[in-house]
Structures are given as structure tokens and as C-alpha cells.
Amino acid sequence: MRFFLIISLALSFHYATAQTGDSIFRQRMTEYGIHFTEGNHVKLLKSGQEKFDDMFEAIRQAHSSVHLEYFNFRNDSIASLLFDILRQKRREGVEVRALFDGFGNDSNNQPLKKHHLKALRDDSVEIYEFDPIRFPWVNHIWPRDHRKIVVIDGKTAYTGGMNVADYYIKGTEQVGSWRDMHCRIEGPAVSDLQYIFCRIWKEVTGENIVRQAYFCAQPAGNMTVGIVNREPGAVYSTDGYTLGKNDAMRQLYIHALDAAQDSVKLVNPYFTLVPSVKKALKRAIRRGVKVEIMVSAKSDVPLTPDCVLRNAYKMKKYGAHVWLYQPGFHHSKIFMADGRYCTVGSANLDARSMRFDYEENAAIIDKATTRELEEMFNNDKLESVYLTKETWNECRTTWQKFRGWFASLLWPWL
């Protein structure tokens, strides 16, 4: 009897240790409530040109509906082209609904004005603003809608880190080239993104648009995808999986890090870190996981990069490998682990994304997609500076180091 008990325990131990990081990650996220679907196809769009070319062509082919949710539409050539395409689709009888965030628009140096919105509505394009900024504006700081979701005919979706702006192609004078990531999803995961859009549309307009015609996605590949949605409160589907939770993004990164067994690579522009994610990074390093972090040497906002660089250097001292991207601003929000699973989405590694704003990431369990992102990461290292104590002292003055310390005290607001 004792012999069989020992054999049983040994087999159980072998099974537990034989589990791969992606299976552990999926199990933990499923227990948390995330809905994973099979039969998806994900195409990575690794530049602004790729994203807009691909998405605009898909919108031109739309037959029934186009739904767009963005932090902002910058009033420039790319947005103008998009709105022209949407006007044409309305003339063809396609339903067009668009949302943008009030703060995202007002903080944009080329915002949409009332006359732009009127012109679009006059052409039957339904476009609305999430939580317009009103006096006193401080009441509207949090939460903001930072998601980037487009769903076409209920069958094809786009999500990632890019808004609608020409600087994703042309760059800016301030930071140079503007790097970012997006992806195209086909398959059952599209319906989860459609539900997210329908919920926020009802919140903003009061109109319930949930109908079967918008949920017709069919299997399109062999990838496993879970849509992780962060929004205030806890929202569940009738099937019991989560449509949104307060701590969804924190749990995504914590479980992804805790499940990693060999390697972690991440790129994030606002690496100010909430304590729980910082602890998960340290746990991974202590387990012997090779953690590689890429942040930009340049940024589009003041003070935050001082905090980012200080955190990156502290993680370097703890054992991470840190790279400072040089050619421009790397605005991507991507994570890869063990060459097996990854995430692409809108969430930054800051308090706003982790605790306050509406955010959405696609958790992708697929070796080919993960390795494609890893290849991009390795290529970007060729244009980056490896952070050491010597390079830290060369690139940061005493005043800049003090600024980083001071900024780190403000992490809940950066």
C-alpha cells in the first residue's frame, strides 16, 4: 500500500513540475474568470503603417457594421482618411459607431472640435465622447477610457497600443520615430471585444446594441486568446466569465510573471510600476527567470521618464537585463514569456492602467506569435543601450537622478 502511495505522489509531482508556463498561466487566469477561446488567428502589426493599411482595407470591405473605441482621434491626415472611409461606408448602408475619450481628446495637441463632430454626425457617422471634461475638471481625472478596439462585421477585430494619429507613421519632432504595436484578431475572441464595445456604448449613449448580428465570429485559426478587460467594478457574463474587473490588469501581469519558467521579455513606455507587479518581477528574477526589460530613452511626457528610468535601473540592480531604446519613443505594451505566451494591448505598467482606467489586453497563448514578438525585441536591442552602472552614470546627471527619486514618490499619479 505504501509503495502505491509513493508512486502516486511521485506521478503527481511529475505532472505538477511538467506543466509548462503557458498552461499554468491559462489555468490561473481561467480560475480568476478570464474567458479563453480556441480557434483564433492573430496577426501582429508592428508599425503604424502596417496597422492603418491593414485596418483601413478591412473597413473598406465591411458589409454591416464598424465599431471603433479609441482614447483619441488626432485631427490630422490619418484621422481624416479614416473618417472619409467611414462616411463612404455609411453611404453604402454600413452601421458606423465611434467613441473617444474626453480627456484623451482634450490632452491631444490636435483635438477634434465640435464642428468636426457635427460634420461627422451630419454624414450619419455616430460618434460620441466618453466623459467630456467639464468644470471642475479635476472630477474627471479618473477613470478614463484608454482602450483601443475596432470590430468589423462582428468577425474581425483590432486592438493594441495605437490611437489614430499620423505620428505613428511620421514620428514627432520631440521624440523622433514613434514605435507601437497592434494586432488583428479573427475568431471567437472577436465576440468578447464586441461585448466590451457594446457595454461602453450603452454607458455613453444609453442605447443597448447587443444583437446576434454583431456576434458572428467563426473559428479562423488554432490560437488560444483570452481578452482581459479592466474597468471599474466587477462585470460578469451570463456564462460566469469576467467581462471586466478592477484588478484585471494587475492579475494579468502577476499571473504571467509568476507562471514564467525560463524567460520574460517586456516593453512598456510608462514603467512606473505598482507594488504588486514590482514584487512579481522580483519573484521571477529570484526563481532564476531571465527578465529582460526595454524602456525608451525618450518620452512624450515630463517627469514620468525620470521615474521610469529609476525603476528600470533598480530592477537592473536586482538582476534584470535592461535596455534603453534609442531611435525614438517605444510606446508598445507587450509581454512575452518562455517563448510560449504573450500579451498585446493598451495597458501601461503604471497606476492609471492598473488601478483606474478602462484598459484591454489580448492574452495570446501561441508559440509562433510569442516568438515573432521576441524576434522584434531582439532586433530592437540592436538599437538600444544595455544599462549598466557605468552607462547609468553617463546618461543621468545628479539632478536627473534626484528627479527620478522625487518622481518615484508620485507613482500613484504618473
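Structure's up top.
Residues numbered from 1 in each chain as written. Predicted model: local features only at pLDDT ≥ 70, side-chain atom pairs only at ≥ 80, totals over all residues. Heavy atoms only, no water.

With respect to the overall build of the chain
Counting its regular elements, the chain contains 15 helices and 19 strands. Over its C-alpha trace the chain gives a radius of gyration of 22 Å, about what one expects of a compact globule, namely 22 Å for 414 residues. On the principal axes, the C-alpha backbone points of the chain span a range of 75 × 65 × 40 Å. Across the 414 residues in the chain, those meeting the buried criterion constitute 57%. Considering only contacts within the chain whose residues lie at least 6 apart along the sequence, 81% involve residues at least 24 apart. When the accessible area of the chain is evaluated, it comes to approximately 17600 Å², of which 54% is carbon and sulfur surface. (Helix = DSSP H or I, 4+ residues; strand = E, 2+ residues; numbered from the N terminus. Rg over C-alpha atoms; globule rule 2.2 N^0.38 Å. Buried < 20%, exposed > 50% of the residue type's maximum accessible area, 1.4 Å probe, protein only. Contact = heavy atoms within 4.5 Å. Areas by Shrake-Rupley, 256 points an atom, 1.4 Å probe, with all protein chains shown as cover.)

Points about the pattern of salt bridges
Scanning all chains against the criterion turns up 29 salt bridges. Between lysine 265 and glutamate 292 there is a salt bridge, with its nearest N and O atoms 3.5 Å apart. A residue pair is termed long-range when its members are at least 10 positions apart, and lysine 265 in strand E12 (residues 263-267) and glutamate 292 in strand E13 (residues 290-296) qualify at 27 residues. Note on accessibility: lysine 265 and glutamate 292 belong to one class, buried. Salt bridges sharing common partners tie together Glu69, Asp145, Arg147, Arg199 and Glu231. (Salt bridge = Lys/Arg side-chain N within 4 Å of Asp/Glu carboxyl O.)

Re the pairing of strand E1 (residues 36-45)
Consecutive side chains of a regular strand alternate in pointing toward one face of the sheet and then the other. Within E1, 7 of the 10 residues are buried, which leaves the element mostly enclosed by the surrounding structure. Here E1 runs beside strand E8 (residues 182-186); their pairing, made up of 5 bridges, is antiparallel. Each residue of the ladder has a partner; that of leucine 45, found in E8, is histidine 182. (Pairing = 2+ DSSP bridges.)

Quick look at the nonpolar core
Phe25, Val264, Phe271, Val291, Ile293, Phe335 and Tyr341 are the most contacted members of the largest nonpolar core, which has 49 residues in total. With 8 residues, helix H9 (residues 248-259) is the single largest residue contributor to this core. If we ignore the near neighbours within four places in the chain, the residues touching tyrosine 341 are Gly21, Asp22, Phe25, Ala256, Ala259, Ala260, Phe335, Met336, Ile364, Ile365 and Thr370. In terms of nonpolar packing, the next biggest core, distinct from the first, is built from 38 residues, Val66, Phe73, Val94 and Tyr167 among them. (Core = buried A, V, L, I, M, F, W, Y, C linked by side-chain atoms within 4.5 Å.)

Digging into the side chain of serine 384
Within the element layout of this structure, serine 384 appears in strand E19 (residues 384-386). For serine 384, a relative accessible area of 13% corresponds to the buried category. Polar contacts involving the side chain of serine 384 include one to the main-chain carbonyl oxygen of aspartate 380, which spans 2.7 Å. In this structure serine 384 touches Met294, Trp323, Leu324, Tyr325 and Gln326, once residues within four positions along its chain are discounted. (Polar contact = N/O pair within 3.5 Å; in protein donor to acceptor, adjacent residues only side chain to side chain.)

Overview of unusual backbone geometry
The peptide bond linking tryptophan 142 to proline 143 adopts the cis configuration, its omega dihedral lying at -10°. With respect to the helices, strands and loops of the structure, proline 143 is situated in the loop between strand E4 (126-130) and strand E5 (149-152). Phi angles above zero are rare outside glycine, and serine 124 is one such case at about 70°. Position of serine 124 among the secondary structure elements: in the loop between helix H6 (114-122) and E4. Positioned with a positive phi, aspartate 131 is a non-glycine residue whose angle comes to about 50°. As for its placement among the helices and strands, aspartate 131 is situated in the loop between E4 and E5.

Focus on the environment of valine 66
Along the chain, valine 66 falls in strand E2 (residues 65-70). Judged by its relative accessible area of 0%, valine 66 falls in the buried class. Sequence separation of valine 66 and arginine 97 is 31 residues, and the distance between their C-alpha atoms is 6.4 Å. Beyond its immediate chain neighbours, meaning those up to four positions away, valine 66 contacts Ile59, Leu86, Val94, Glu95, Val96, Arg97 and Val151.

Notes on the packing of aromatic side chains
Here the structure, examined in full by the defined rule, presents 22 aromatic pairs. Note on tyrosine 128 and tryptophan 201: the rings are 5.5 Å apart at their centroids and 85° apart in plane angle, and the pair reads as edge-to-face. Taken together, the positions of tyrosine 128 in strand E4 and tryptophan 201 in helix H8 (residues 189-205) put the pair 73 residues apart, joining distant regions of the chain. By relative accessible area, tryptophan 201 is classed as buried at 0%. A ring pair is formed by tryptophan 142 and phenylalanine 356, whose centres lie 4.4 Å apart and whose planes are at 15°; its orientation type is stacked. Of this pair, tryptophan 142 sits in the loop between E4 and E5 while phenylalanine 356 sits in helix H12 (residues 351-356), placing them 214 residues apart in sequence. Among the aromatic residues, ring-to-ring pairing joins Phe52, Phe56, Tyr167, Tyr168, Trp178, Tyr270 and Phe329 into one connected group. Of note, arginine 352 hangs over the ring of phenylalanine 103, and the distance from its end group to the ring centre comes to 5.7 Å. (Phe/Tyr/Trp six-rings, centres within 6.5 Å; stacked < 30°, edge-to-face > 60°. Lys NZ or Arg CZ within 6 Å of the ring centre and 35° of its normal.)

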